[in-house]
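One letter stands for each residue in the lines below.
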Amino acid sequence: MRVMLRWQPGSVGSTHLAYLNGHVGVINSWDSSSRRWQVGFETFDGHLDVAAEHLQVWAAEKASKASKPQEAASCEMCLGRFLESQVVMLPCPEKHGYCETCLRKWILTQLVPRCYKCLDELSVLALPQGASEPWCGLVTSEAQASAAYRIGKEDIEQLSCMCCFDVSCGARCVIIGYPGLVGERCVVGRVEKTKTRSFAVVYLSNGRRHEMDLGCLEVDDCLSSGRQARGETCPSKSERLGLGLSVASLGCACVVKQAMDEMFVEQLAMPFDWLVTRVEGVLYFFRHHFRDFTHYDDVQVVGEHGFTSFRSAYHAFPHHDLSTSTAREAFQRRAERMMDLVISCREASARPLLLVRVCARSEELDQSEELYHLLRLLGGQKVFLLVVITEQIQNLGAVQHIRLSNLILYVCKVGSADLVDAVRFGMDYVYMAVAFGRHTLDAAKAISPVSPVPDAATLRQMLKPHKHWLTRDRRGLSPTSDLEGCFETGPGRFFPGRFRGGGASPYYDQDLEKMVLSSTAADLASFLTGKSLQVNAWNSAGETVLWKAFQRGDLDILALLLLQAADPNASTGVRRAVAAEGSAGGAARRLLRLAAGQPMSLAKAYETLQEVSEPHRRLLCGRLGAFMPPEVFVAADGGGARASAVAQLLFAAPTVSAAKGVRGGYEALQELQRNAGKPLEARRQVLRQLLRSWHPDKHQSASLQQQEEANQIFCFIQKLRDVFLQPSPG
């Protein structure tokens, strides 16, 4: 006989085995000693002894014999058989179904989750060496995988639990073996393994940070915590992977990947892991979606190690033979994976991404803001960039960027000896920023005495110059190719080797130019839908379609191109227009200045974005991280002129109220108010002095309460820094 388990209220089973409610099984035998029926369940291996009062004859047994009983469904991943109600059916063409456990693990382990069976039928799945579970599979071709069904938010909503299934980045855990914190709930920010131990950095609900062994943590999923039995919503469902963290290398050499491997940071192979790259190359490949990534100019044995290097002016492959199709296809897959990883950060449920770049020479530090703003156009506000400059003796440690909270700077010793500390700090910084909104240097092992800085160029002037990663070997050979003497002077915007000698890019789209010059925003949006166009390709004059849109002056056309990651810094004409003084160009110029990362008052930014039509305005605000609260920008007089954003926010009642809620915060706010009318450079000095005086490291010897107050004041000042340093409108 087939029966359904229904626990009686107040029974032991309803307390400890409530998740079995509704499961169907077959009665095997009667145990007279315990007076219980032995039931073998269809949904899992094994049996359970259950008293008769908890069993009900399954409805299918009560029905007439002519009625067809409910058929069991199978999971395409583990091949187990389940009831139809226990299988999640995906709306792919073949209607593939999965049990909740397999589907949850598959979604949590994939950067871009797609239907497992669809990928298998496309023959684009492979298990990594040493892995046996199907949810560990890797996609071998992103291009072919795009044809498979992509799992979306609606599919995830069908799952009862989306909590992590092991102690990993973003997992909610219960502390079980740490003195003084037993029973406390926490979230894992980072997991690190060494040769001697495995440990995790966890954060309590109040933001406190602790480091403990993995054995001290137990995953707090919905089943073990009882949330599933009580019918509560899974806290992780609305933020799929949102508390996790992806880390990837942007070069300039293999030291970044080696540091990640030393920390046992799990990440799929990425294109820049084992390459020698210049920052000009990183900019070029992101702007053009890694077109011609496997192009090389020559093959030379370079360096003291005797590696055969396939060199271009932008990058070099010292560890791979690019003459083989296997290597070229592998790097194409890695390039597609990198672009997909960055672009997927636009999604609200995506995990944040930390990209780590070591400067090949000190001059590359000046282009940190340009690289960050390009990545922001591609991926939005969940992309963080950690720029590391090595070969230094003084001013070591983390450096805060005053204007860009998602751009992190770190000064390392000679030979990048403390690069692991830099990567470790970057991961902790990103987690605290995303989970708690705290953009502070608290997690840094050391803080540079020159922190904070207004821009990366200012930091470079305080450091020792070097060209360590771009140095010729004993025979005079350069790490990257030296076509037309470009190694010393730096390669231009165009790809030397294939396109040298001028001319238009072969990827410049004339149809796109015509649409930009003559069509409406709706027609252009329809034209761009579903196409992979090179919006940063240049014409014979060296200009991109963004320059054509700027000349036309239509803000909606400009917004559409910016949402396609058209980079204002990739066009000579646009770059000149953005950098020019005065008000020529009007709102179009201001919009490009905002996208290029040029300093702009909040009032001007708000005024410019107001002229962009919906839904482009909302999407652009999300991509650029621009906030437009109308109540902040009130008219200063009857003529309608807008007051300075600095004066409006620093003297606004909500700001004063928030300052009074922090002990010592009102005094800090008064200091900012007194200096709000000073020139920009003077305000920078005031802010730097305030941040240094209230930095938590300055109060380590104080009591815990005083340390907490100092931290609160420091965070409060940080929230006002962008407003305090805004240039006056005009």
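Here the structure is shown first, and the text comes after it.
Residues numbered from 1 in each chain as written. Predicted model: local features only at pLDDT ≥ 70, side-chain atom pairs only at ≥ 80, totals over all residues. Heavy atoms only, no water.

Draft legend 1. Representation of unusual backbone geometry. Note the cis peptide between G251 and C252, where omega equals 15 degrees. Its location among the elements puts C252 in the loop between β17 (246-249) and α9 (255-262). Residue P452 is reached from S451 by a cis peptide bond, and omega for that bond is 0 degrees. With phi around 55 degrees, K95 is a residue other than glycine that occupies positive phi space. (Helix = DSSP H or I, 4+ residues; strand = E, 2+ residues; numbered from the N terminus.)

Draft legend 2. Summary view of the packing of helix α17 (residues 521-528) against helix α19 (residues 555-563). Relative orientation of the contacting elements α17 and α19 amounts to 15 degrees, with a least axis distance of 9 Å. As summarised for this structure, α17 and α19 are arranged roughly parallel, according to the angle between their axes. Of the two elements, α17 crosses α19, and the hand of that crossing is right-handed. Residues A521, L524, A525 and L528 of α17 touch α19, and the partners they reach there are D556, I557 and L560. Grouping the constituent residues of the contact of α17 with α19 by class yields six nonpolar, no polar and one charged. (Axes fitted to C-alpha atoms, helices over the stretch in contact; angles between N-to-C directions. Parallel < 35°, antiparallel > 145°, perpendicular 65-115°, else oblique. Left-handed = near helix turned anticlockwise from the far one by under 90°. Contact = heavy atoms within 4.5 Å. Nonpolar A, V, L, I, M, F, W, Y, C, P; charged D, E, K, R; others polar.)

Draft legend 3. Examining the nonpolar core more closely. Judged by nonpolar contacts, the single largest core of 92 residues is most densely connected at L250, F286, M338 and L355. Broken down by element, the residue count for this core peaks at eight residues, all from α19. What L250 contacts, discounting residues up to four positions off in sequence, is F272, T277, V282, F286, M338, L355, V356, R357, L371, L375 and L385. Within the second largest apolar cluster, 41 residues are counted, among which are V265, L354, Y431 and L441. (Core = buried A, V, L, I, M, F, W, Y, C linked by side-chain atoms within 4.5 Å. Buried < 20%, exposed > 50% of the residue type's maximum accessible area, 1.4 Å probe, protein only.)

Draft legend 4. Here's a closer look at the packing of aromatic side chains. Applying the stated criterion to the full structure yields 19 aromatic pairs. Look at F272 and F293: their rings are 5.8 Å apart centre to centre, the planes differ by 85 degrees, and that puts the pair in the edge-to-face class. A residue pair is termed long-range when its members are at least 10 positions apart, and F272 in the loop between α9 and β18 (276-277) and F293 in the loop between α10 (279-287) and β19 (298-302) qualify at 21 residues. You can call F272 buried: its relative accessible area is 0%. Here F293 falls in the buried class, since its relative accessible area comes to 0%. Counting every residue linked through ring pairs, the aromatic cluster contains F272, Y284, F285, F286, F290, F293, Y314, F317 and F331. A cation sits over an aromatic face here: R334 above F331, 4.9 Å from the ring centre. (Phe/Tyr/Trp six-rings, centres within 6.5 Å; stacked < 30°, edge-to-face > 60°. Lys NZ or Arg CZ within 6 Å of the ring centre and 35° of its normal.)

Draft legend 5. Focus on the sheet that holds strand β24 (residues 397-400). Here five strands make up an open sheet; going across it, the order is β17-β22-β23-β25-β24 and the pairing mixed. Two strands bound the open sheet, and with one partner strand each, they are β17 and β24. Neighbouring strand axes in the sheet, compared pairwise and without regard to direction, differ in orientation by 25 degrees on average. Pairing between strand β23 (residues 383-392) and strand β25 (residues 407-413): six bridges, direction parallel. (Pairing = 2+ DSSP bridges.)

Draft legend 6. Just the sheet that holds strand β5 (residues 55-57), in detail. Strand order across the open sheet formed by five strands is β4-β3-β2-β1-β5, with antiparallel pairing between neighbours. One side of each edge strand has no neighbouring strand; the edge strands of this open sheet are β4 (47-50) and β5. Along the sheet, successive strands turn relative to each other by an average axial angle of 45 degrees, direction set aside. Bridge count for strand β2 (residues 24-31) against strand β3 (residues 36-41) is six bridges, and the pairing is antiparallel. Its bridge partner being in β3, S29 is matched across the sheet by Q38.

Draft legend 7. Structural view of the pattern of salt bridges. Counted by the stated rule, this structure contains 26 salt bridges. Linking D213 and R197 is a salt bridge whose minimum nitrogen-to-oxygen distance equals 3.0 Å. Remark: R197 occurs in the loop between β13 (185-193) and β14 (198-204) and D213 occurs in strand β15 (residues 209-213); sequence separation between them is 16 residues. Judged by its relative accessible area of 35%, D213 falls in the partly exposed class. Judged by relative accessible area, which is 33%, R197 ranks as partly exposed. One salt bridge connects R287 with D567, and the closest N-O pair in it is separated by 2.7 Å. Residue R287 is found in helix α10, and its partner D567 is found in the loop between α19 and α20 (572-579); the two are separated by 280 residues along the sequence. (Salt bridge = Lys/Arg side-chain N within 4 Å of Asp/Glu carboxyl O.)

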